[in-house]
Amino acid sequence: DQQVKQNSPSLSVQEGRISILNCDYTNSMFDYFLWYKKYPAEGPTFLISISSIKDKNEDGRFTVFLNKSAKHLSLHIVPSQPGDSAVYFCAASYGKLTFGQGTILTVHP
Amino acid sequence: EPEVTQTPSHQVTQMGQEVILRCVPISNHLYFYWYRQILGQKVEFLVSFYNNEISEKSEIFDDQFSVERPDGSNFTLKIRSTKLEDSAMYFCASTPSDYSPQGETQYFGPGTRLLVL
């Protein structure tokens, strides 16, 4: 099932710089998109979401962009902090959630 | 802040045994879900539950699996006869309401790590 793909398994960023995490999807029925953050041995923690009728949603240091024509969404974290280091999953919703594989973000001090 | 809780945090069982994983969703939520994550793989949808019945299930959710909301608070996942490949982290999630944007945000529990020997 490759309906949601995160092609970068890992990303390394310097503290204070921007982190950009990318996600592609194939199913045009998805109408809601979410980003989750996950630490080892914990459940995914909701971070930010965006409805398919919008192209941008911002919450503090986190901004999600949606390009419906390209079936692409991205999460921008600026400025990045060491505490942001975690696995980030994008998920697309049409009722149930379909997750990407995750991207391991490491923010170096 | 209300949260989804799950018990036990870890469970070790012998192949062929039955296990019951328990979840307490957030109290005013109406939709409930089970997901699993096999080590090193994606988080995968298993089943969704609304109004005391299954609303959707994946191919993974075969006859060995069942879900129940035995009372007003608990939501359980039962695996009747566990297999080695059932070893995974099992996450429960809940969401407040129906297909409104706010309702789509699913809140996850911390997970139960199941190991089948």
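Quantities reported herein were computed from a predicted structural model and do not represent experimental measurements.

Asks: Help me out: how do you make sense of the environment of Y94(A) in this one?
Replies: Turning to its location among the elements, Y94(A) is positioned in strand β9 (residues 86-94). For the pair formed by Y94(A) and D31(A), sequence separation is 63 residues and the distance between their alpha carbons is 6.1 Å.

Asks: Mind showing me how you'd approach unusual backbone geometry here?
Replies: Comment: phi is negative for the bulk of residues other than glycine, and the bulk of peptide bonds are trans. For the peptide bond that leads from V78(A) to P79(A), omega is -10°, which places it in the cis range. Its place among the elements puts P79(A) in the loop between β8 (72-77) and β9. Here T7(B) and P8(B) are connected by a cis peptide whose omega angle stands at -10°. Relative to the helices and strands, P8(B) resides in the loop between β1 (5-7) and β2 (10-13).

Asks: Explanation requested: the pairing of strand β4 (residues 31-37) of chain B in the structure shown.
Replies: Residues in a regular strand project their side chains so that they alternate between the two faces of the sheet. Residues and elements named next belong to chain B. Counting buried residues in β4 gives 7 out of 7 residues, a clear majority hidden from the surface. Side-chain alternation along β4 places Y31, Y33, Y35 and Q37 on one buried face and F32, W34 and R36 on a second face that is also buried. Two strands pair when backbone bridges link them, and β4 and strand β5 (residues 43-50) are joined in this way by 7 bridges, in the antiparallel orientation. Across the sheet, Q37 pairs through a bridge with V43, a residue of β5.

Asks: Which parts of the structure should I look at to understand a nonpolar patch on the surface?
Replies: Residue and element names in this part refer to chain A. Together, I18, I20 and V78 make up an exposed nonpolar region whose accessible area comes to about 230 Å². Tracing the backbone through its elements, the reader meets I18 in the loop between β2 (10-14) and β3 (19-25). A residue is classified by how much of its surface remains accessible, and I18, at 41% relative accessible area, is partly exposed.

Asks: Any chance you could explain the layout of surface pockets here in plain terms?
Replies: If you add up the space inside the largest pocket, you get close to 460 Å³. Around the largest pocket, the lining is made up of 25 residues, and of these K38(A), Q37(B), I38(B), L39(B) and G40(B) lie nearest the centre. Of all the elements in the fold, those that place two or more residues in the lining of the largest pocket are β9 and β11 (103-108) of chain A together with β2, β9 (88-95) and β11 (112-116) of chain B. Across the lining of the largest pocket, the residue classes break down as 15 nonpolar, 8 polar and 2 charged.

Definitions and limits used
Residues numbered from 1 in each chain as written. Chains lettered and ligands numbered in written order. Predicted model: local features only at pLDDT ≥ 70, side-chain atom pairs only at ≥ 80, totals over all residues. Heavy atoms only, no water. Helix = DSSP H or I, 4+ residues; strand = E, 2+ residues; numbered from the N terminus. Buried < 20%, exposed > 50% of the residue type's maximum accessible area, 1.4 Å probe, protein only. Pairing = 2+ DSSP bridges. Patch = residues over 30% accessible without salt bridge, like charges linked within 9 Å, V, L, I, M, F, W, Y side chains within 5 Å. Areas by Shrake-Rupley, 256 points an atom, 1.4 Å probe, with all protein chains shown as cover. Salt bridge = Lys/Arg side-chain N within 4 Å of Asp/Glu carboxyl O. 1 Å grid on protein atoms, 1.4 Å probe; cavity = no way out; pocket = protein on both sides within 12 Å on 5 of 7 lines; lining within 4 Å. Points joined across faces, edges and corners; volume = space filled by probe spheres on them. Nonpolar A, V, L, I, M, F, W, Y, C, P; charged D, E, K, R; others polar.

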